[in-house]
Amino acid sequence: MKMEEMSLLGLDNTKLESIAHEIYSDLVEDACLGLCFEVHRAVKQGYFFLDETDIESMKDFEIVDQPGVDIFGEVYNQWKNKECVCPNCSRSIAASRFAPHLEKCLGMGRNSSRIANRRIASSNNVNKSESDQEDNDDLNDNDWSYGSEKRAKKRKSDKVFLFSLKCFLESLWQPVVSGLYPT
Amino acid sequence: SNRSAARMKDRPLLRKGFYAAAGRGAPLDVLSVMSPAGCSHVSGFKVDNWKQNLRVIYQCFVWSGTAETRRRKAKSCICHMCGAHLSRLHSCLYCVYFGCFTKKHIHEHAKNKRHNLAIDLLYGGIYCFVCQDYIYDKDMEQIAKEEQRKFFFFFFLFSPLSPGVGEKYSTWEPTKRELELLRHNPKRRKITTNCTIGLRGLINLGNTCFMNCIVQALTHTPLLRDFFLSDRHKCEMQSNSCLVCEMSQLFQEFYSGHRYPHIPFRLLHLVWTHARHLAGYEQQDAHEFLIAALDVLHRHCDDNGKKANNPNHCNCIIDQIFTGGLQSDVTCQVCHGVSTTIDPFWDISLDLPGSSTPFWPLSPGSDGSVVNGESHQSGSTTLTDCLRRFTRPEHLGSSAKIKCGGCHSYQESTKQLTMKKLPIVACFHLKRFEHSAKLRRKITTYVSFPLELDMTPFMASSKESRMNGQYQQPLDTLNNDNKYSLFAVVNHQGTLESGHYTSFIRQHKDQWFKCDDAIITKASIKDVLDSEGYLLFYHKQFLEYE
């Protein structure tokens, strides 16, 4: 069919629709042809069958759906003695106790603050860096924007006051958190 | 076919090569002797200045990069016999002759002139009339690749549609060496429908089930999975503490094929380090963790200062997937002027019946309209009920007058929330944990939620029809923009003080799995829909380009 330039003006809707449909069919056919060429090339170049899964692997990764075992075919609750290395202190910790360890290790949370402050109040021989960390925690606990602002060292009496203030604020904190939008 | 068998018989090397290509373990040395994809008949063509001639043919008649060359191609490339412009037009490689393939006009020319090679003008494939097949000669392929690259470079350079995209995405093709290795090693890890790859248990690190559930939901968010598995995160953070990198690593773990559970201790460390307000190890809220994790991921996604300068124009993957726009309209009761604000959101928190704030009626003079195929009768509350309540016009009492810009005084008003922009992944948070000043308790009211959800009635654009009280769910199945599918559910069992989180996630379209820390088991859709529901994750069914 010869191609000739023609104006689209003055053509009625049915004619326009049939032209549009023709163009659409040509495009679909070209796309199908493209796919055929891809397959042809892959077969000839030798990589078409490369991703065929071997029977062994298929069996290996098959989902198991039986009572008493998980999808991997393993019995429940056998993962008891897992360990991991704490990124903070590099000690080897039992996986199931990692979270409480990390809390103390990072000096976070109510419990660790209380313990730490008691330690500070009772002795003056605390490691400098340790008390710095707790200071930051006291003040950063109620701070949304985690930043690297430096905090000045506070005096002992201030620490006790801050600790009580922190406990009070924390009791108010819970309902506020769940309603906030991301910053 | 018989013809191919006859051909193969005459060419023993070609036959061996073909079988090798088909993966049937022919001796590998055949591949190094001759490429089975090419043919010997091109030798007549590869003389003198053939490379340049071939380039010209590609540039003028196959890959026309500019509007001018395209016009020239359209005008000059017609079959010399019948004048056809399509019909798989081919150009002879030896002379200037165009002929269509479907009507065999190019074949006639080849026979008459003994010009045995032609090129397909649509895709640039070289056809050999002696072999009666398309062939792939290494040298000619090299030229084709170069010309194609040039074409795409210019095409995209000058295209208003995709500025800055310099190169077309090309599919992977193994090199000879890679082919060899892959043949020597036939074991494959392929994701099929009945495959455990993509699923993995997570060890509980001490009441960290809240984190495990969120990890399961995120690793089964299709768009997020695709983003990380195609290695789209380019880290710009100097230190080793990028949460997005850790997320990427997590996907690698989930798709590793390992069957033993993963220990997400590094993830916990990173999240707690970057979101210290999640202080404390006591039972934490999965919803809180989700928001904190999304926040840190969002911050780490592009850490070269862009975020700080322009927080509203971030286009990181987290924003692209999770951020929606919530419209708040406050209408002055006196002058009826409307003040509108739009705020970004990552989740929608919904009140439930049974809490201290009354749930019913949903709006004054509640209509009995049918939404999402359900009308409210006595029976369980539905997610749709919760959404209708969330988007109801609410009369703010006389104690909460707002300053009206139109009246220049404080007036009573109504406020209404609707969705302005829907996120790709919509997360609904059923507010089951009540923390008022007097009491802390868990609301266990059953709320039924659907597998598929249409958000159209809750859009800002649907407000008009709803206000008239005549809103009926249109049976407009052509508008698919607002249709969502459930893909993850996080559940909480137990009390406020001590409880356990588990999740259901969807894999391979219609398979559901229950994730209970390290134990992953198959679940039925009924199990999922009957569960209590705390966090519900829905994914848009249809994605469109912006």
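Conventions we followed
Residues numbered from 1 in each chain as written. Chains lettered and ligands numbered in written order. Predicted model: local features only at pLDDT ≥ 70, side-chain atom pairs only at ≥ 80, totals over all residues. Heavy atoms only, no water. Helix = DSSP H or I, 4+ residues; strand = E, 2+ residues; numbered from the N terminus. Buried < 20%, exposed > 50% of the residue type's maximum accessible area, 1.4 Å probe, protein only. Contact = heavy atoms within 4.5 Å. pLDDT = per-residue confidence, 0-100. Buried area = accessible area lost by both parts, 1.4 Å probe. Salt bridge = Lys/Arg side-chain N within 4 Å of Asp/Glu carboxyl O. Expected span 1.5 Å × (residues − 1).

**Some remarks on the overall build of chain A**
Regarding its fold elements, chain A presents 6 helices and 2 strands. Its helices and strands taken in sequence order, chain A reads α-α-β-β-α-α-α-α from the N to the C terminus. Across the 183 residues that make up chain A, the buried fraction comes to 30%. Considering only intrachain contacts with a sequence separation of at least 6, the fraction spanning at least 24 residues in chain A is 26%.

**Comments concerning the confidence of the model for chain B**
Residue and element names in this part refer to chain B. Residues of chain B with pLDDT of at least 70 account for 81%, and the chain-wide mean is 82. Confidence drops under a pLDDT of 50 for residues 365-371, and excluding neighbours within four residues, the segment shows 17 contacts in the predicted structure. Contacts of residues 373-377 to residues separated by more than four positions or lying in other chains number 7 contacts, the stretch itself having pLDDT below 50. Model confidence for the complex: the whole-complex pTM is 0.73, and ipTM, which rates the interface, is 0.72.

**A short note on the interface of chain A and chain B**
Facing 69 residues of chain A, the contacting portion of chain B comprises 79 residues. For the pair chain A and chain B, the two sides together bury roughly 7100 Å², of which 62% comes from carbon and sulfur. Taken together, the links from chain A to chain B amount to 5 salt bridges. With its nearest N and O atoms 3.4 Å apart, the salt bridge here joins A:Glu56 to B:Lys187.

**With respect to helix α4 (residues 50-62) of chain B**
Compared with an ideal rise of 1.5 Å per residue, which puts 13 residues at 18 Å, α4(B) spans 17 Å between its outermost C-alpha atoms and is within 8% of the ideal. Buried residues of α4(B): B:Trp50, B:Leu54, B:Arg55, B:Ile57, B:Tyr58, B:Cys60, B:Phe61 and B:Val62, and no others.

**Notes on the side chain of B:Thr331**
In this structure, B:Thr331 sits in strand β6 (residues 324-332). Among residues more than four places away in sequence, those in contact with B:Thr331 are B:His336, B:Gly337, B:Val338, B:Glu412, B:Ser413 and B:Thr414.

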